[in-house]
Structures are given as structure tokens and as C-alpha cells.
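# A closer look at the structure
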Amino acid sequence: MADEVLANIEGQLKKNKVLIFMKGNPKFPQCGFSDATIRIFESFDYPYETVDVLADPQIRAGIKSYSNWPTIPQVFVDGKFIGGCDIIREMHERGELAQVLKAAFDK
Amino acid sequence: MINPDEIRSTLEKTLPDSTINIQDLTGGGDHFQVLVISPLFEGKGLVEQHQMVYGALKEALGSERIHALALKTMTPEQWGRLGS
């Protein structure tokens, strides 16, 4: 991964408590998995930012190697990768996602 | 496209003694739902468990022979609790 791509990713992660790398944007998700993930975050009142990986092939490839995770979407809380669509869905069902978000925003 | 049997044999090599359930969601051979129950998942978080499965299927995912993979992982203990 080129240094500027890594710096870009790390910069965005530092700036945003909750950052979601997705296909498309929250209004117009370009993939069912990204859509499902956004719907879960929309059910909370916490702010989140998104990055559209379709707009930048370098970020799209870069984020996969950054997190060692082969698919999009990818959700980061406090700069830490917490999961893709399946894991977020499961965490949400178990009530764990609410706990993680609360802990992050209570700090 | 990939045959479900190939997914199974690939996973069994990396995760021996697992119980694996594979569903071809569309019948097209590239959208799958996979459940893996493995004792090797014991003590690991979900991210790490999924990374183990993705790692095993790296070639098929990278070449887009598998286009979409809905994944569920659990330990035999978690699986046992589900039934009770």
C-alpha cells in the first residue's frame, strides 16, 4: 500500500469515532451488505462517517489490507476494526453493538 | 463460480474437525451462506474467527469465484447452547 493511502486511512480513522467504509453513501448504498450495515447504524443516535470505496480504488484495496479483511463494508470504532456486515448484524442482535457504541461515546 | 464441495474441502483442510454447512443462496454458485462450527474458534473474537475462514478461502474470494459470502462462525459450545 502506498504511504499516502495509508496516511489517508489513518487520518480518517483518527478523525472519526465511528467510520464505515462502504460502497456508495448512506442515502444511496450500492450494495446490499453496505445497506444493511447503514440501516443498523441509523437505528442508533450516534454520529458516524462513511467513506465510499467505489470512489477510490486505492482506498478500496488499501482498507482491505489495512484490516486484513477481504470484503466491504468495514466498520471501525475508535480506530479499531470491529467487523463487516455479518459481525455487525450479530453484535446488534446480541445487544453488543449498543454497548460498544455507548462505551466509545461515553469516553 | 465454485462448487460447495470445494468450499467444504478447502475449509476442512484449514479447520479440521469443524462442522460446516453451506448454502448456495441464488443457485448461481457464487453467493453463499456458510456456517462453520469449530473448536479452533474457542477463545477467539468474531473478527478473528471470520479472518480464519476468509484466510482459508482467500484464493476463491480474491479471484471473485465467490462473489458474496454471508458467514456465521461459532464454537461447538455456543452451538450446543443454541439447541438447549
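For the structure, see preceding data.
Since the model is a prediction, treat every value here as computed from it, not as a measurement.

## Here we look at the overall build of chain A
Across its full length, chain A carries five helices and four strands. Reading the secondary structure of chain A in the N-to-C direction produces α-β-α-β-α-β-β-α-α. Relative to its length of 107 residues, chain A is compact, with a C-alpha radius of gyration of 13 Å against a globular reference of 13 Å. In terms of overall dimensions, chain A has a C-alpha envelope of 35 × 30 × 25 Å along the principal axes. Taking all 107 residues of chain A together, 35% fall into the buried category. Counted over contacts in chain A with a minimum sequence separation of 6, partners at least 24 positions apart contribute 61%.

## Considerations on the sheet that holds strand β3 (residues 74-77) of chain A
All names here are of chain A. An order of β2-β1-β3-β4 is seen for the four strands of this open sheet, with the pairing classed as mixed. Only two strands of the sheet have a single partner each, and these edge strands are β2 (49-52) and β4 (80-83). Across this sheet, the average inter-strand angle for adjacent strands is 30 degrees, counted without regard to direction. As defined by bridge partners, β3 adjoins β4 across three bridges and the pair is classed as antiparallel. Paired with Val-75 across the two strands is Gly-83, which belongs to β4.

## Comments concerning unusual backbone geometry
Residues and elements named next belong to chain A. In this model, Ile-72 is joined to Pro-73 through a cis peptide bond whose omega is 10 degrees. With respect to the helices and strands, Pro-73 occurs in the loop between α3 (57-67) and β3. Although it is not a glycine, Asp-78 adopts a positive phi angle of roughly 50 degrees. Here Asp-78 lies in the loop between β3 and β4. Judged by C-beta crowding, with 16 C-beta atoms within 10 Å, Asp-78 ranks as partly exposed.

## As for the environment of Ile63(A)
All names here are of chain A. One can find Ile-63 in helix α3. Taking the number of C-beta atoms within 10 Å as the measure of exposure, Ile-63 has 26 and is therefore buried. A sequence separation of 10 residues divides Ile-63 from Val-53, and the C-alpha atoms of the two residues are 8.8 Å apart. Beyond its immediate stretch of four places on either side in the chain, Ile-63 contacts Ile-9, Phe-21, Val-53 and Gln-74.

## Let's talk about the packing of helix α2 (residues 32-42) of chain A against helix α4 (residues 85-93) of chain A
Residue and element names in this part refer to chain A. Running from N to C, α2 and α4 point in directions that differ by 30 degrees, and their axes come no closer than 9 Å. Taken as axis vectors, α2 and α4 run roughly parallel relative to one another. Handedness of the crossing formed by α2 with α4: left-handed. Every residue of α4 that contacts α2 at Phe-33, Ala-36, Thr-37 and Ile-40 is listed here: Cys-85, Ile-88, Arg-89 and His-92. A breakdown of the residues in the contact of α2 with α4 according to their chemical character gives five nonpolar, two polar and one charged.

Scoring rules and cut-offs
- Residues numbered from 1 in each chain as written.
- Chains lettered and ligands numbered in written order.
- Predicted model: local features only at pLDDT ≥ 70, side-chain atom pairs only at ≥ 80, totals over all residues.
- Helix = DSSP H or I, 4+ residues; strand = E, 2+ residues; numbered from the N terminus.
- Rg over C-alpha atoms; globule rule 2.2 N^0.38 Å.
- Buried ≥ 20, exposed ≤ 12 C-beta atoms within 10 Å, placed from the backbone.
- Contact = placed C-beta atoms within 7 Å.
- Pairing = 2+ DSSP bridges.
- Axes fitted to C-alpha atoms, helices over the stretch in contact; angles between N-to-C directions.
- Parallel < 35°, antiparallel > 145°, perpendicular 65-115°, else oblique.
- Left-handed = near helix turned anticlockwise from the far one by under 90°.
- Nonpolar A, V, L, I, M, F, W, Y, C, P; charged D, E, K, R; others polar.

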